[in-house]
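Coordinate analysis (summary)
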Protein chains: 2
Amino acid sequence: MSEIYSKAETLELRRKHIGPSCKVFFAKDPIKIVRAQGQYMFDENGEKYLDCINNVAHVGHSHPEVVKAAVKQMELLNTNSRFLHDNLVQYAKRLTATLPEKLSVCYFVNSGSEANDLALRLARQYSGHQDVITLDHAYHGHVTSLIDISPYKFHQLGKEGKKEFVHVAPSPDIYRGKYRENHPDPASAYADDVKKITIEAQKNGRKIAAFIAESMQSCGGQVIPPAGYFQKVAEYVHKAGGVFIADEVQVGFGRVGKNFWGFQLQGEDFVPDIVTMGKPIGNGHPMSCVVTTREIAEAFGASGLEYFNTFGGNPVSCAIGLAVLDVIEKEDLQGNARRVGNHLIELLKEQQKKHPLVGDVRGVGLFVGVELVKDQQTRTPATAEAQHIIYKLKEQQTLLSADGPHRNILKFKPPMCFTMEDAKFVVDQIDTLLTGMHGSCTAGCSSLFTSTTIRNGGNSYAECVSESISHINGNACRQVNGFYTESHGVPCKRIRT
Amino acid sequence: MSEIYSKAETLELRRKHIGPSCKVFFAKDPIKIVRAQGQYMFDENGEKYLDCINNVAHVGHSHPEVVKAAVKQMELLNTNSRFLHDNLVQYAKRLTATLPEKLSVCYFVNSGSEANDLALRLARQYSGHQDVITLDHAYHGHVTSLIDISPYKFHQLGKEGKKEFVHVAPSPDIYRGKYRENHPDPASAYADDVKKITIEAQKNGRKIAAFIAESMQSCGGQVIPPAGYFQKVAEYVHKAGGVFIADEVQVGFGRVGKNFWGFQLQGEDFVPDIVTMGKPIGNGHPMSCVVTTREIAEAFGASGLEYFNTFGGNPVSCAIGLAVLDVIEKEDLQGNARRVGNHLIELLKEQQKKHPLVGDVRGVGLFVGVELVKDQQTRTPATAEAQHIIYKLKEQQTLLSADGPHRNILKFKPPMCFTMEDAKFVVDQIDTLLTGMHGSCTAGCSSLFTSTTIRNGGNSYAECVSESISHINGNACRQVNGFYTESHGVPCKRIRT
């Protein structure tokens, strides 16, 4: 490969010129990737890694059809959407055709953060209200307005983190949440909590503009809301004058297998008022979209403020977006996600029977979480063990991440071309690792790495997108310039991977 | 060309599927562009337009070197910055080398809006303060946090538009502003106004996090701050505990000719604390950057919050960024901007002598404004006349825009490959138009299109980036689905272009 710098030089330049808040994967020994194809990434020595985490490379890394479409359009024209262009309208037509009919109006932007910010603006203008209901542990983006509504981030800012206009509803997590799998109707119970928030807010003279939730919580811990929850929430939120925003930035575009959009898992009778898209939409190209109803779009337009986004909806982005849709269709990647996802979940469920560390296996399609616990009854998060596994897997050239509020959930969200063999391969690796951990230092480590340690670690939470694997053993490691230095005082050598 | 839809069909689909707040250029007869090369754009009939407005296509539309670099990298790898990659650090090294030494730490993002939002986060974290001083008529982006600090936008929202933490300083416009060209020291006078704001704020228990300004105001009306202004402002803002953010989104990357960055026009002794970049950085590819000092970057890191941007700093964006820097250098585009810009300004100054409508000609390099006035003494903005000219030029296949708070400033910001001949060509066209307007209906029109009419027009201000040419004759036209319909009650036919 055509390396310009040695890995050490790359690291040194990164320390010098890249913000220390920008973390790398596997900080103790970061990976330098020089090329990637399909579900594989290759480092500077040509070593091949199986990629189980890059949901952005949705149709596979460096997909030739996507590259071809990009090149063809780049050679012709790349300009803003103030000029008429066929790609823009053709893409909007194709994209809205994947959604329920009433979601017919698009705004093209450049990132999931821009999309969620615009969704809030739409909701506020339409409702005339300001307040937002968000789920606990939610992450919706890195711009100021979204950190405000992301408990995943603002919880780290101490007491002043939560603004008055933000209302946090419990995450509809039936494994670790408030209402669990043994509850007769967790969907209604969780929705009732949202209802209570709307009533309480109104009592305090506050007005709800929107409820926002990922169709399935990603950073929040691969949480799949019980079916029927969104319908009931939408009813209560509408009653309060607000709208329902479904954040599909992580989970859209066929990943869930059964449907094209994550929110559709709730049932055909559910349609959000606003849908935001991102990551996989352009297979890595910076693009994103907000889709809403004619009614909301017209209310937004009626403010008199124009909306112009310099790069949003440019012909190159739209050509790429179209190519991604084409490839999903041609290669039946949604079907593949369903088939391979089912297989992966089956294999992981076998692990659950075999290894007491595996507390829960949950997922749909190629969006799967494996929650590790120290004890099946108390469900104490096995955070250090999860970190151990992802570090060991990395040594074995498989990329996996751990996320969730306790960072104890192994998280699968591979490129959609992931195969049955890939699924078998990674689960076998995990099996071997779990087997090796039985009766070794696990018990000793458990007491050292409690979730409290992790939570108070200062640098403990990871910026979302499940890249939390840059964190090592909670507060046991110190940061310098965005790189974790040697962990200090970690008594269990086996965990120091 | 490979048109999929007729222009009418494209329009119809756009009405159906694109948010009505997203406006098109020349709404009465929008242009469909299918390809572009250098400083020329071509419509669906192969008609060629001279492009005087697209500063995003910085090194020229569809530049082959930029496309080549993009393709080469897209075929290899496009992934996030959690993996080490040479392009990221090489680009950061090259980019910071164009800046004063203390500006050494980069954050790569996707748009000018993301950049300015992050700049505010950096400033707030570093200073521990919240308040922001912004210039009147400023536009800094479309996300919630930036509309808050953009008078260009929030003035349209009525009394409640301005938040308490926002302080508006007068725009340092020596032609139309508070202190004019006849003032002995406008730089000090404008800076003193900022000083007063900091003192007043402190009296009210408020604390300044940042002063933000474009190095030259673009939407604000091609305003070139008098040299020495930034130095003094920085002194007062630092004293108040805040930082200086130079927004180079519109004007950076050699456009001003004499220097690579707009803020450098203030003198070598001025260095901002944070610089934001955007539009031209990737010649149309969605990318952007914030550069700051080690001290600010470390304070931001110390918060414990990570900063992760999914697409920001990906190897494709960085490869494109590097190619843009290469082309600027290889083709001496900064030198070209200086030479052609000087020529353009000279030609326009001749127009000023010849036509009483031309009140002021100002600019540096290929960032030039021509302010049209009804009267040289009163300086009453000649808004309708400016709109007339850009519509007539469009008929003659030259793309120019009009901007500023009164939309009476003809605004030049062409691709940097603009030639002497192009300059002569467009100025000749303007000359002919201005000549044709002498003694015709100009006087009659003047009274019909006062700046007040424009200001109160509801849809009168344009979203920035100087694309205000979608607005026709102030409030004389009604909007339907983002398209201006026929203007009603415009008595002067000659203006209805």
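For clarity, every value in this text was computed on a predicted model and none was experimentally measured.

Thresholds, definitions, all that
Once a new chain begins, its residue numbering starts again from 1 and follows that chain's sequence as written. Labels follow written order: the first chain is A, the first ligand is 1, and so on. Note on the predicted model: pLDDT of at least 70 is required for a residue's local features to be given, and 80 or more for side-chain atom pairs to be given and counted; whole-chain, interface and lining totals, by contrast, use all residues. Neither water nor hydrogens contribute to the side-chain values; these are computed over all heavy atoms in the structure. Counting from the N terminus, the helices are DSSP H or I runs at least four residues long and the strands are E runs at least two residues long. A simple rule labels every residue: compare its accessible area, found with a 1.4 Å probe on the protein chains alone, to the largest value its type can have, and call it buried under 20%, exposed over 50%, or partly exposed in between. In this analysis, two residues are considered to be in contact whenever any of their non-hydrogen atoms come within 4.5 Å of each other. Here the Shrake-Rupley method, with its probe set to 1.4 Å, supplies the accessible areas, and only the displayed protein chains count as covering residues. Residues reaching a pLDDT of at least 70 in both copies supply the C-alpha atoms on which the copies are superposed by least squares. If DSSP finds at least two bridges between two strands, the strands pair. Residue count minus one, scaled by 1.5 Å, sets the expected span of a helix. The term buried area refers to how much accessible surface (probe radius 1.4 Å) is lost by two components on association, counted for both of them together. The term salt bridge refers to a side-chain nitrogen of Lys or Arg lying within 4 Å of a carboxyl oxygen of Asp or Glu. We define a polar contact as two N or O atoms separated by no more than 3.5 Å, with the added condition that, inside protein, one atom must be a possible hydrogen donor and the other a possible acceptor, whereas residues neighbouring each other in sequence contribute only through side-chain atom pairs. Asp, Glu, Lys and Arg are counted as charged, while Ala, Val, Leu, Ile, Met, Phe, Trp, Tyr, Cys and Pro are counted as nonpolar; the rest, among them Gly, fall into the polar class. Counting rule applied: Lys, Arg positive; Asp, Glu negative; His and chain ends not counted. Convention adopted: a line fitted to C-alpha atoms gives each axis, helices being fitted over their contacting stretch, and angles between N-to-C directions are expressed from 0 to 180 degrees. Each angle is binned into one of four classes, with values under 35 degrees roughly parallel, values over 145 roughly antiparallel, values of 65 to 115 roughly perpendicular, and all other values oblique. Left-handed describes a crossing in which the near helix is turned anticlockwise from the far one by less than a right angle; the clockwise case is right-handed. By convention, a crossover is right-handed whenever its connection, traced from the first strand over the helix to the second and viewed with the strands pointing away, goes clockwise. Count a disulfide wherever a pair of cysteine sulfur atoms falls within 2.5 Å. Between 30 and 60 degrees the pair is tilted, below 30 it is stacked and above 60 it is edge-to-face, where a pair is any two Phe, Tyr or Trp rings, Trp via its six-membered ring, whose centres lie within 6.5 Å. In this analysis the probe radius is 1.4 Å and the grid spacing 1 Å, with only protein atoms considered; a cavity is a set of points the probe fits into but cannot get out of, a pocket is an open set with protein on both sides within 12 Å along at least five of seven lines, and lining residues have an atom within 4 Å of a point. Grid points are joined across faces, edges and corners, and a volume is the space filled by probe spheres set on the points.

**A word on the overall build of chain A**
If you tally the helices and strands in chain A, you get 15 helices and 17 strands. Expressed as a percentage of its 497 residues, the buried residues of chain A come to 70%. Sequence-distant contacts, at least 24 apart, represent 71% of the contacts inside chain A between residues at least 6 apart. Here chain A has roughly 15800 Å² of accessible surface; of this, 50% comes from carbon and sulfur atoms.

**Some thoughts on the relation of the copies chain A and chain B**
Superposing chain A onto chain B takes a rotation of 180 degrees combined with a translation of 0.0 Å along the rotation axis, leaving an RMSD of 0.0 Å. The two molecules are tied by a two-fold rotation axis, judged by turn and shift. Of the interface residues in chain A, 100% have counterparts in chain B that sit at the interface too, so the contact is made through matching surfaces.

**Brief notes about the sheet that holds strand β3 (residues 48–51) of chain A**
Residues and elements named next belong to chain A. Taken together, the 4 strands give an open sheet; going across it, the order is β1-β2-β3-β13, and neighbouring strands pair in mixed fashion. Looking at which strands have only one partner, the edges of the open sheet turn out to be β1 (33–37) and β13 (398–399). In this sheet, β13 lies alongside β3 in parallel orientation, the contact comprising 2 bridges. Paired with leucine 50 across the strands is threonine 398, a residue of β13.

**Things to note about helix α4 (residues 112–127) of chain A**
All names here are of chain A. Relative to the 22 Å expected for 16 residues at 1.5 Å per residue, α4 spans 22 Å between its end C-alpha atoms, a close match to the ideal helical length. The buried count for α4 comes to 14 of 16 residues, which makes it a mostly enclosed element. Just downstream of α4 lies glycine 128, where phi reads positive at about 75 degrees.

**So, the interface of chain A and chain B**
Taken together, the contact between chain A and chain B spans 109 residues of the former and 109 residues of the latter. Across the chain A to chain B interface the summed buried area is about 9500 Å²; carbon plus sulfur atoms make up 59%. Taken together, the connections running from chain A to chain B amount to 2 salt bridges. For the salt bridge of A:Asp86 with B:Lys32, the shortest nitrogen-to-oxygen distance reads 2.8 Å. Our enumeration of links across chain A and chain B arrives at 51 residue pairs in polar contact (both at pLDDT 80 or more). When its residues are assigned to classes, the side of chain A that touches chain B shows 51 nonpolar, 36 polar and 22 charged.

**Looking at the pattern of salt bridges**
When their charged atoms lie close together, side chains carrying opposite charge are able to pair. Residue and element names in this part refer to chain A. Within the structure shown, the criterion is met by 54 salt bridges over all chains. Here arginine 362 and aspartate 360 are joined by a salt bridge, their closest N and O atoms 2.7 Å apart. Neither residue differs from the other here; arginine 362 and aspartate 360 are each classed as buried. Between lysine 411 and aspartate 403 there is a salt bridge, with the nearest N and O atoms lying 3.1 Å from each other. For the pair formed by lysine 411 and aspartate 403, the shared burial category is buried. Residues participating in the shared-partner salt-bridge network are Arg176, Asp360, Arg362 and Glu371.

**Details of the side chain of A:Arg121**
Mapping A:Arg121 onto the fold places it in helix α4. Salt bridges are absent for the buried A:Arg121, whose nearest opposite-charge side chain, A:Asp117, sits at 5.2 Å.

**Observations concerning the sheet that holds strand β8 (residues 243–247) of chain A**
All names here are of chain A. Overall, mixed pairing links the 7 strands, which are arranged β4-β10-β9-β8-β7-β5-β6 in an open sheet. The sheet is open, and its two edges are formed by β4 (105–109) and β6 (166–169), each paired on a single side. Going from strand to strand, the sheet's axes swing by 20 degrees on average, the running direction of each strand aside. Relative to strand β9 (residues 274–277), β8 is paired through 3 bridges, and the arrangement is parallel.

**Here we look at the packing of helix α11 (residues 333–354) of chain A against helix α13 (residues 420–437) of chain A**
Residue and element names in this part refer to chain A. Viewed as axis vectors pointing N to C, α11 and α13 meet at an angle of 15 degrees, and their least axial separation amounts to 9 Å. The orientation of α11 with respect to α13, classified from their angle, is roughly parallel. Handedness of the crossing formed by α11 with α13: right-handed. Facing Arg339, Val340, His343, Leu344, Leu347, Leu348, Gln351 and Lys354 of α11, the residues of α13 in contact are Met420, Ala423, Lys424, Val427, Ile430, Asp431 and Leu434. The residue inventory of the contact of α11 with α13, partitioned by class, reads 9 nonpolar, 2 polar and 4 charged.

**Here we look at the pairing of β8(A)**
Residue and element names in this part refer to chain A. Counting buried positions along β8 yields 5 of 5 residues, so the element is predominantly enclosed. Judged by which residues are buried, β8 turns out to be covered on both faces: Val243, Ile245 and Asp247 on one side and Phe244 and Ala246 on the other are all buried. In the classification by handedness, the crossover that spans strand β7 (residues 208–214), the intervening helix α8 (residues 229–239) and the parallel β8 is right-handed.

**Examining the state of the cysteines**
Per the stated rule, a full pass over the model turns up 0 disulfides over all chains. Between A:Cys22, a free cysteine, and B:Cys106, which holds the nearest cysteine sulfur, the sulfur-to-sulfur gap is 9.8 Å. Of all cysteine sulfurs in the structure, the one in A:Cys289 sits closest to A:Cys106, which takes part in no disulfide; the separation is 4.3 Å.

**Some remarks on the packing of aromatic side chains**
Residue and element names in this part refer to chain A. Tallying each qualifying case throughout the model produces 36 aromatic pairs over all chains. With centroids separated by 6.3 Å and ring planes inclined at 85 degrees, the aromatic side chains of tyrosine 107 and tyrosine 307 adopt a geometry described as edge-to-face. A residue pair is termed long-range when its members are at least 10 positions apart, and tyrosine 107 in strand β4 and tyrosine 307 in the loop between α9 (294–301) and α10 (315–330) qualify at 200 residues. Taking relative accessible area as the criterion, tyrosine 107 reaches 0% and is therefore assigned buried. Between tyrosine 190 and tyrosine 229 the ring centres are 6.4 Å apart and the planes differ by 85 degrees, which places this aromatic pair in the edge-to-face class. You can see tyrosine 190 sitting in helix α7 (residues 186–203) and its partner tyrosine 229 sitting in helix α8, a full 39 residues away along the chain. Among the residues examined, tyrosine 190 registers a relative accessible area of 0% and is labelled buried.

**What about the environment of A:Thr378?**
Residue and element names in this part refer to chain A. Note that threonine 378 resides in the loop between β12 (367–372) and α12 (383–395). Sequence separation between threonine 378 and arginine 176 is 202 residues; the distance between their C-alpha atoms is 9.9 Å. Engagement of the side chain of threonine 378 in a polar contact is seen with the side chain of threonine 380, the distance being 2.8 Å.

**Some remarks on the packing of helix α2 (residues 64–76) of chain A against helix α2 (residues 64–76) of chain B**
In contact at an axis separation of 10 Å, α2(A) and α2(B) are set at 175 degrees when each is read in the N-to-C sense. Between α2(A) and α2(B), the crossing angle belongs to the class labelled roughly antiparallel. Each of A:Val67, A:Ala70, A:Val71, A:Met74 and A:Glu75 in α2(A) lies in contact with α2(B), whose residues at this interface are B:Val67, B:Ala70, B:Val71, B:Met74 and B:Glu75. Broken down by class, the residue content of the contact of α2(A) with α2(B) amounts to 8 nonpolar, no polar and 2 charged.

**Some thoughts on the layout of surface pockets**
Taken as a whole, the largest pocket holds about 1700 Å³ of empty space. Together, 41 residues line the largest pocket, and A:Asp148, A:Lys163, B:Asp148, B:Lys163 and B:Phe165 are the ones closest to its centre. Listing elements by their share of the lining of the largest pocket, those giving two or more residues are α4 and α5 (144–147) of chain A together with α4 (112–127) and α5 (144–147) of chain B. When residues of the lining of the largest pocket are assigned to their parent elements, the largest contribution, 4 residues, is made by α4(A). Per-class residue counts for the lining of the largest pocket are 13 nonpolar, 15 polar and 13 charged.

**Some points on the environment of B:Glu214**
Residues and elements named next belong to chain B. With respect to the helices and strands, the residue glutamate 214 is situated in strand β7 (residues 208–214). Residue class for glutamate 214 comes out buried when judged on its relative accessible area of 5%. The contact partners of glutamate 214, leaving out residues within four places of it in the chain, are Tyr139, His140, Cys219, Phe230, Asp247 and Gln250. Side-chain polar atoms of glutamate 214 contact the backbone nitrogen of serine 218, separated by 3.0 Å.

**Structural notes on the side chain of A:Asn283**
Residue and element names in this part refer to chain A. Assignment of secondary structure puts asparagine 283 in the loop between β9 and β10 (288–292). Its relative accessible area of 9% is what places asparagine 283 among the buried residues. Separated by 2.7 Å, the side chain of asparagine 283 and the backbone nitrogen of histidine 58 make a polar contact. Of the polar contacts made by the side chain of asparagine 283, one reaches the backbone nitrogen of valine 59; its length is 2.8 Å.

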